[in-house]
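Residue strings, one per chain:
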Amino acid sequence: MKLSKYLLPILLLIGLAFVLIACSDSSSEDETADQNGSGSGDEEEVTIVYARGVDTTPATEALIKAFEDKHPNINVKEQEMPADTGQSHDQYVTAFSSQSTEIDVFNADVIWPAEFAQANYALELDRFIEKDGINMEDYFPGTVQAGKFDGKQWAMPQYTDAGILYYRTDIVDEPPKTWDDLIEQANNLKGEEGTEFGYLMQAAQYEGLITNAIEFIASYGGEVVNENNEVVVDSPETVKALEKMKEVVGSDFVPQNILNFQEIETENAWIEGKSVFARNWPYLMSSSNDEERSAISGNVEMTTMPEGDAGSASALGGWMTMINRYSEHPEAAWEFVKFISGPEGQKISAVEGGRAPTIEALYDDPEIQQLNSLFGNPDFREVLQTAVPRPVTPIYPEISDIMQIEISKVLTGDQNPQQAATNMQTKMEAAMNE
Ligand code: GLC
């Protein structure tokens with residue numbers, strides 16, 4: 001009894017001391033972010049730089065505006081990086097390896113976090129995640145995993161990508177099930193409704209080629225690196241897959257310059273109404289139905305990628321947000337990361353940019369479902385759950401380079417699929433054992 005008489009004033013005093021310490025702490029920092037994330041007006045203004053690849057949709061602009069409206073003290077300056085993820089990667093490596101402070105927040109391809117964490121380019125996010133009570137279980141597990149390295153979280157999932165097959169509903173009756181069906185329909189239907197091509201894909205020598213190749217390889221039952229981290233790419237399955245890939249790329253239903261095609265070339269030709277089928281990421285549904293840009297609005301549907309002997313396979317892609325380890329504004333940077341990877345930011349990306357959320361519950365949001373036919377489509381959810389990741393390793397850039405070189409040589413006719421499989425096996429084993 002006696003004790004409790006003194007306990008209350010003591011607790012109050014301790015509480016007051018904490019408040020005072022917390023106040024003096026935050027006033028000594030030049031960061032603006034307060035605990036609940038809304039600027040209080042008398043805090044110093046800060047500008048953070050947000051780097052990301054080319055966005056052909058209005059999503060980035062809308063995201064920045066919504067964030068700045070909520071955080072009057074934090075200005076976000078966008079820095080546009082190349083559309084080609086490999087080129088962006090190299091520019092980030094140049095900047096971060098010289099400890100540049102210029103970029104605060106950046107979008108990272110799902111294949112980068114392991115490498116960037118190991119190279120010490122990024123800030124660990126666990127303390128922020130804990131401080132703000134973010135529940136990582138709200139996200140698709142694979143997307144959280146992609147941002148983990150050494151038991152720590154280095155990147156927050158922003159949106160997820162999986163390869164899908166788009167087709168013209170005004171031309172195609174029954175979408176193709178297998179690669180052979182696709183080849184047959186692309187041949188037969190090319191020319192209808194003013195189309196010039198049967199199929200568009202990404203066959204240039206860059207990262208997107210790897211995602212297309214992984215889809216062929218996995219659909220024939222092949223793998224690049226297995227779950228025990230062993231290189232297993234030299235297999236009859238890979239050889240068969242590369243033969244089919246070469247057949248498609250060498251056909252006369254793809255553009256003559258298909259070996260220069262990345263996503264942007266695919267998107268442009270597709271929305272101009274030039275092709276019957278196209279392989280691309282979810283955002284293409286949005287561009288397809290954008291009446292200002294697209295000639296085929298309302299005439300597009302999606303289905304799963306064509307099957308090989310082992311079924312249909314989509315490559316897992318997607319983008320995460322990371323903070324530069326040398327950012328001078330880590331608190332403000334985190335506020336922005338939290339916003340764009342959180343439910344509000346992801347909804348803006350979905351609605352304005354057709355980007356597939358990594359927060360599972362958003363797929364049940366009626367507004368999201370209504371605005372984009374993809375998000376209510378059960379086939380699409382299935383694709384997201386089963387998409388095939390690329391090898392997860394800090395030396396991924398080397399693995400990718402090896403594949404890019406060897407597979408391109410098959411597509412240009414400079415070597416046969418078996419030679420490519422053998423070379424990839426030998427070179428990857430050497431790189432992994434270094
Ligand atoms: C998409 C994917 C990314 C992939 C890239 C290849 O942006 O999200 O993961 O590496 O395409 O071009």
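Residues numbered from 1 in each chain as written. Predicted model: local features only at pLDDT ≥ 70, side-chain atom pairs only at ≥ 80, totals over all residues.

**Q** Looking at this structure, how should I read the nonpolar core?
**A** One broad trend across soluble globular proteins is that nonpolar side chains are buried collectively. Among the nonpolar cores identified, the biggest contains 116 residues, and Ile-48, Tyr-166, Tyr-199, Ala-213, Phe-277, Met-322 and Phe-336 are the most heavily contacted of them. Residue contacts for Ala-213: discarding those within four places in its chain leaves Met-245, Met-403 and Ile-407. (Core = buried A, V, L, I, M, F, W, Y, C linked by C-beta atoms within 7 Å. Buried ≥ 20, exposed ≤ 12 C-beta atoms within 10 Å, placed from the backbone. Contact = placed C-beta atoms within 7 Å.)

**Q** Explain the pairing of strand β6 (residues 156–162) to me, please; I cannot follow it from the model alone.
**A** Taken across its seven residues, β6 has seven buried, putting it largely inside the fold. Where β6 and strand β13 (residues 316–323) come together, six bridges link them in antiparallel fashion. Bridging from a neighbouring strand, Thr-160 pairs with Gly-318 of β13. Pairing of β6 with strand β14 (residues 356–357), which is carried by two bridges, proceeds in the antiparallel orientation. Its bridge partner being in β14, Tyr-159 is matched across the sheet by Pro-357. (Helix = DSSP H or I, 4+ residues; strand = E, 2+ residues; numbered from the N terminus. Pairing = 2+ DSSP bridges.)

**Q** I keep staring at the site of the ligand and nothing clicks. Help me out?
**A** Close to the ligand lie 13 residues, the nearest being Thr-85, Asp-161, Glu-207, Gly-208 and Gly-317. Broken down by secondary-structure element, the contributors of at least two residues to the shell around the ligand are α8 (207–219) and β13. Here the shell around the ligand spans two domains, and each of domain 1 (46–159 + 317–388) and domain 2 (162–315 + 391–433) adds at least three residues to it. (Near = placed C-beta within 6 Å. Domains from an automatic or database assignment.)

**Q** Teacher, can you tell me more about unusual backbone geometry here?
**A** Residues apart from glycine generally show negative phi values, whereas peptide bonds are mostly found in trans. Its identity as a non-glycine residue notwithstanding, Gln-99 has a phi of 60°, on the positive side. Counting through the fold element by element, Gln-99 comes out in the loop between α3 (85–97) and β3 (105–109).

**Q** Just checking my understanding: could you explain the confidence of the model for the chain for this structure?
**A** Low-confidence regions, as indicated by low pLDDT, have predicted coordinates that should not be scrutinised in detail. Of the residues in the chain, 90% have a pLDDT of 70 or more, and the chain-wide mean is 91. Considering only residues more than four positions removed or in separate chains, one finds that residues 1–5, a stretch of pLDDT under 50, has zero contacts. Segment residues 19–41: pLDDT under 50, and 26 contacts once partners within four positions in sequence are set aside and those in other chains are kept. (pLDDT = per-residue confidence, 0-100.)

**Q** Can you help me understand the sheet that holds strand β2 (residues 74–81) in this one?
**A** In sheet architecture, strand pairing relies on hydrogen bonds along the backbone and comes in two forms, parallel and antiparallel. On the basis of which strands lie adjacent, the open sheet formed by six strands has the order β2-β1-β3-β13-β6-β14 and mixed pairing. Among the strands making up the open sheet, the edge pair consists of β2 and β14. Of the pairings in the sheet, the one linking strand β1 (residues 46–53) to β2 comprises eight bridges and is parallel in character. Note on β2: the bridge partner recorded for Gly-53 is Met-81. Together, β1 and β2 form the strand contacts of helix α2 (residues 59–70), whose direction differs from that of β2 by roughly 165°. (Axes fitted to C-alpha atoms, helices over the stretch in contact; angles between N-to-C directions.)

**Q** Even after reading the chapter, I still don't get the sheet that holds strand β8 (residues 197–200), so can you show me in this structure?
**A** The strand order β8-β9-β7-β10 describes an open sheet built from four strands, whose pairing is mixed. For this open sheet the edge positions go to β8 and β10 (300–303), each flanked by a neighbour on one side alone. Going across the sheet, the axis of each strand differs from the next one's by a mean of 20°, ignoring polarity. Sheet topology note: the strand β7 (residues 164–168)/β10 ladder contains four bridges and is antiparallel. In the sheet register, Leu-165 faces β10, and the bridge partner there is Thr-303.

**Q** When you look at the domain arrangement of the chain in this model, what are you seeing that I'm missing?
**A** Interface extent is often summarised as the accessible area lost during association of the parts. Along its sequence, the chain is carved into domain 1 (46–159 + 317–388) and domain 2 (162–315 + 391–433). Averaged C-alpha coordinates put domain 1 and domain 2 at centres separated by 25 Å. Across the contact, 26 residues belong to domain 1 and 27 residues belong to domain 2. Taken together, the elements giving at least two residues each to the side of domain 1 that touches domain 2 come down to α3, α4 (113–118), α15 (373–376) and α16 (378–386). It is α16 that provides the largest number of residues to the side of domain 1 that touches domain 2, a total of four residues. Here the residues of the side of domain 1 that touches domain 2 sort into 10 nonpolar, 12 polar and four charged. (Nonpolar A, V, L, I, M, F, W, Y, C, P; charged D, E, K, R; others polar.)

**Q** Looking at this model, I keep getting lost on helix α17 (residues 396–411). Mind explaining?
**A** The periodicity of an α-helix, 3.6 residues per turn, causes residues three or four places apart in sequence to face the same way. In this model α17 runs 22 Å from its N-terminal to its C-terminal C-alpha over 16 residues, within 8% of the 22 Å that 1.5 Å per residue would give. Buried within α17 are the following residues: Tyr-396, Ile-399, Ser-400, Ile-402, Met-403, Glu-406, Ile-407, Val-410 and Leu-411. One side of α17 holds all its buried residues, which, seen down the axis, span an arc of 160°. Buried residues along α17 sit against α4, α8, α9 (236–249) and α18 (417–433). (Expected span 1.5 Å × (residues − 1). Arc of directions from axis to C-beta.)

**Q** What should I look at first to understand the environment of Pro-175 in this one?
**A** The topology assignment puts Pro-175 in the loop between β7 and α7 (179–189). What makes Pro-175 partly exposed here is the crowd of 19 C-beta atoms within 10 Å. Distance in space between the C-alpha atoms of Pro-175 and Glu-301 is 9.4 Å, their sequence separation being 126 residues.

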